[in-house]
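Now for the letters of each chain:
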Amino acid sequence: MSSPHDLPKLKRCSQKKFVLWLSFWGLLLLWGVYGALICLFKGLNQTGMNNYFVFGLWICVDLTIIALGAGAFFSGFLFYVLGVNQLKELIGAAVVIGFICYSGAIGMLTVDIGQPLRGYFSFWHANVHSMLTEVIFCITIYLFVLTIEFVPLITENEKIRQIPLLNRLGEHLHGIMVVFALVGTFLSFFHQGSLGGMFGVLYARPFSHRTGVAIWPWTFFLFILSAIASGPALTTLVVWTTQKVTRRSLVSRSTLSKLAKISAVLLVFYLVFKAADTIYWANVTAPGKGFTFASFYRPPYGMWLLFSELYLFGLVPAIILLMPKARDNDFWLVTGCLFTCMGIVINRFSATVQSLAVPVLPFEKFAVYSPTWQEWAVVAAVIGYGVILYSLAYRYLHLFPRESELNEEIEPEIEVEICGQRSLNSVGTPAI
Amino acid sequence: MIFFGAFYAVVIVLATSVTYAAARSIVDMFSTDHNSEENTEERSRSGQ
């Protein structure tokens, strides 16, 4: 956090343009709120979930955005604990992205549990034998941690920093941020793992069940690895997109490249362990329960899911992002990061939906799940909410400490003569 | 029990840290105001 005195004035687009930008996402949010209200008032019969699919689109998206939000805790861990100072340039953005992901996931869960008023049951009547209990406890507390990490960013706002108490609170919270980074790492490590462990312990579902070490199935570790590999990829992608949409340089290219490289290295580790896990499961675990590998993959959830997860959206982005020249090229950087995120989407989809599609009793059929518009609307609401919050944060807070420095040379106001009148024009006028 | 122990430990660490930051902010704010009041008084005494 910079001292309030050295914070430069933010150069942003006009209010009119910004409201226009927000209105589109606002409409998406409203549509989602409408869908959520229908589900809350009429019940979960409004969704595509049934006795086969107790987990649907919402849990799939929840797991995905929680994994993608891991960029916040992992960047925080690298910056505050391991001292990777280069990440200072985008740590603020990573926190905001993490906050959006986690708050969006919890908002979606509120609709998913059907009876939000009984949401406290998971805390008050906690089933200590369930990995889901650990997940719900850790996610809730981690959202508090992210909120605390968000506060110093908010108190840097031009108006808010004029209030002495809030200004000092931001400074003092920032001073002990290493504590929050460590707590965040601890919580994230366990809830990412427990989300995977939750599927790995389902011994009655051979598609999900895995062997492991002590009480932790291998999926526990695979979920942690995949989250810390994909989180930085999403952060890179969002920061790059922000630069393009706003037409401003926000972080140095080397920082984006470094984050993408971290993502790629972790992705390689993940793929090695994932491949080993898949081979052992296909040859030992599943046959031991009387299933063949091919019996798990039937249309529409065919073998293409596994291959696209491991190769197209696994190995390919890892190779792309490991090459320094590719990382320096916008097209390949975005492709690599986007593919990494897509890989996580497919992985979490397989874990939630495909697990439930595979029959486990002789009279059951291979089931297919199709979400209703209400479910898509709630997902759209989370996206709308995320874009709105991120846009507001970008407009009013100092998310990128080097923004002014990086735009100094390209944005001096130059005089342009138009129709004989001298007017001021700026080269770097932000779009948003 | 281990789970609850770890969970409450985390909650206690968080609550202590936030309380520390909040308390220090309040103390700082008042001590700065107090100093500035003293400075003003000193300046007025010395006729500046």
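Residues numbered from 1 in each chain as written. Chains lettered and ligands numbered in written order. Predicted model: local features only at pLDDT ≥ 70, side-chain atom pairs only at ≥ 80, totals over all residues. Heavy atoms only, no water.

## Here's the deal with the overall build of chain A
- For chain A, the count of helices and strands is 15 helices and four strands.
- Taking 2.2 N^0.38 as the reference for a compact globule, 432 residues should give roughly 22 Å; the C-alpha atoms of chain A span a radius of gyration of 23 Å, in line with that estimate.
- For chain A, with 432 residues in total, the buried portion stands at 54%.
- Put simply, chain A shows about 19700 Å² of open surface, and 69% of that area lies on carbon and sulfur atoms. (Helix = DSSP H or I, 4+ residues; strand = E, 2+ residues; numbered from the N terminus. Rg over C-alpha atoms; globule rule 2.2 N^0.38 Å. Buried < 20%, exposed > 50% of the residue type's maximum accessible area, 1.4 Å probe, protein only. Areas by Shrake-Rupley, 256 points an atom, 1.4 Å probe, with all protein chains shown as cover.)

## A few points about the confidence of the model for chain A
All names here are of chain A.
- Per-chain confidence: chain A averages 89 in pLDDT, with 93% of residues scoring 70 or above.
- The lowest-confidence element of chain A is strand 4 (residues 421-425), averaging 40 in pLDDT; the highest-confidence one is helix 14 (residues 373-396), averaging 96.
- A low-confidence stretch, residues 413-429 stays under pLDDT 50, and its non-local contacts, those more than four residues away or across chains, total 25 contacts. (pLDDT = per-residue confidence, 0-100. Contact = heavy atoms within 4.5 Å.)

## Section: the interface of chain B and chain A
- Taken together, the contact between chain B and chain A spans 19 residues of the former and 20 residues of the latter.
- Approximately 1700 Å² of surface area, both sides summed, lies buried where chain B meets chain A, with 88% of it carried by carbon and sulfur atoms.
- Linking chain B to chain A there are zero salt bridges.
- Across the chain B-chain A interface, the total number found is two residue pairs in polar contact (both at pLDDT 80 or more). (Buried area = accessible area lost by both parts, 1.4 Å probe. Salt bridge = Lys/Arg side-chain N within 4 Å of Asp/Glu carboxyl O. Polar contact = N/O pair within 3.5 Å; in protein donor to acceptor, adjacent residues only side chain to side chain.)

## Digging into the layout of surface pockets
Residues and elements named next belong to chain A.
- Each pocket or cavity is described by its volume, and for the largest pocket that value is around 1200 Å³.
- Along the wall of the largest pocket there are 38 residues; nearest its centre are I65, L234, V238, I383 and V387.
- Breaking the lining of the largest pocket down by element, the ones donating at least two residues are helix 1 (15-42), helix 2 (57-68), helix 4 (91-112), helix 9 (218-246), helix 11 (303-322), helix 13 (330-357) and helix 14.
- A total of nine residues in the lining of the largest pocket trace back to one element, the largest contributor, which is helix 14.
- When its residues are assigned to classes, the lining of the largest pocket shows 32 nonpolar, six polar and no charged.
- Considering only enclosed or pocket space, the second largest pocket measures out at about 780 Å³ in volume. (1 Å grid on protein atoms, 1.4 Å probe; cavity = no way out; pocket = protein on both sides within 12 Å on 5 of 7 lines; lining within 4 Å. Points joined across faces, edges and corners; volume = space filled by probe spheres on them. Nonpolar A, V, L, I, M, F, W, Y, C, P; charged D, E, K, R; others polar.)

## Quick look at the packing of aromatic side chains
- By the definition in use, this model includes 35 aromatic pairs over all chains.
- An angle of 65° between the planes, with centres 4.5 Å apart, marks the rings of F137 of chain A and F7 of chain B as edge-to-face. One end of the pair, F137 of chain A, is in helix 6 (residues 131-154); the other, F7 of chain B, is in helix 1 (residues 2-45), on a second chain.
- We classify F137 of chain A as buried; its relative accessible area is 3%.
- On the basis of relative accessible area, F7 of chain B is assigned to the buried category, the value being 12%.
- The structure contains a cluster of three or more aromatic residues connected by ring pairs, namely F186, F189, F190, W216, W218, F220 and F221 of chain A. (Phe/Tyr/Trp six-rings, centres within 6.5 Å; stacked < 30°, edge-to-face > 60°.)

## Quick notes on the state of the cysteines
Residue and element names in this part refer to chain A.
- All told, the structure shown has zero disulfides over all chains when counted by the stated rule.
- Note on C60: no disulfide assigned, nearest cysteine sulfur contributed by C341 at a separation of 14 Å.
- Sulfur of C341: no disulfide; nearest cysteine sulfur belongs to C337 and is 6.8 Å away.
- Since its relative accessible area comes to 7%, C341 is described here as buried. (Disulfide = S-S within 2.5 Å.)

## Description of the pattern of salt bridges
Residues and elements named next belong to chain A.
- In this structure the tally under the stated criterion is eight salt bridges over all chains.
- Notably, a salt bridge pairs R12 with E403, separated by 2.6 Å at the nearest N-O pair. With R12 in the segment before helix 1 and E403 in helix 15 (residues 403-407), the pair connects residues that are 391 residues apart, well separated along the chain.
- Given a relative accessible area of 14%, R12 falls into the buried group.
- The closest approach of N and O atoms between R402 and E89, which form a salt bridge, is 3.0 Å. Remark: E89 occurs in the loop between helix 3 (70-81) and helix 4 and R402 occurs in the loop between helix 14 and helix 15; sequence separation between them is 313 residues.
- Here E89 falls in the buried class, since its relative accessible area comes to 8%.

## Some remarks on empty space enclosed by the protein
All names here are of chain A.
- Throughout the structure, instances matching the rule amount to three cavities of 30 Å³ or more.
- In this structure, the largest cavity is lined by 23 residues; those nearest its centre are R210, K274, N347, S350 and A351.
- Among the elements of the structure, helix 9, helix 10 (253-288), helix 11 and helix 13 are those that each provide at least two residues to the lining of the largest cavity.
- If you tally residues by element for the lining of the largest cavity, the top one is helix 13, at six residues.
- When its residues are assigned to classes, the lining of the largest cavity shows ten nonpolar, eight polar and five charged.

## Describing the packing of helix 11 of chain A against helix 13 of chain A
Residues and elements named next belong to chain A.
- Packing of helix 11 against helix 13 brings their axes to within 8 Å, and their N-to-C directions diverge by 155°. Of the possible angle classes, the one that applies to helix 11 and helix 13 is roughly antiparallel. Between helix 11 and helix 13 the crossing geometry is left-handed.
- Per-class residue counts for the contact of helix 11 with helix 13 are 14 nonpolar, eight polar and one charged. (Axes fitted to C-alpha atoms, helices over the stretch in contact; angles between N-to-C directions. Parallel < 35°, antiparallel > 145°, perpendicular 65-115°, else oblique. Left-handed = near helix turned anticlockwise from the far one by under 90°.)

## Observations regarding the confidence of the model for chain B
- Looking at chain B as a whole, its pLDDT mean stands at 75, while 62% of the residues score no less than 70.
- Across the assembled chains, the prediction reports ipTM 0.75 with pTM 0.89.

## Considering the packing of helix 2 of chain A against helix 8 (residues 177-200) of chain A
All names here are of chain A.
- Following both chains from N to C, one finds helix 2 and helix 8 inclined at 145°, their axes separated by 10 Å at the closest point. When you trace helix 2 past helix 8, the crossing you get is left-handed. Across the interface between the two elements, L63, I66 and A67 of helix 2 pack against H191, Q192, L195 and F199 of helix 8.
- Considering only residue class, the contact of helix 2 with helix 8 consists of five nonpolar, two polar and no charged.

## Here we look at helix 13 of chain A
Residues and elements named next belong to chain A.
- Taking 1.5 Å of rise per residue, the 28 residues of helix 13 would be expected to cover 40 Å, and the 39 Å separating its terminal C-alpha atoms lies within 8% of that figure.
- S350 marks where helix 13 bends most, by close to 35°.
- In terms of burial, helix 13 is a largely internal element, 20 of the 28 residues being buried.
- Where helix 13 begins, the capping side chain belongs to N329, and its oxygen is found 2.8 Å from the backbone nitrogen of F331. (Expected span 1.5 Å × (residues − 1). Bend = angle between axes of the 7 residues up to and from the residue.)

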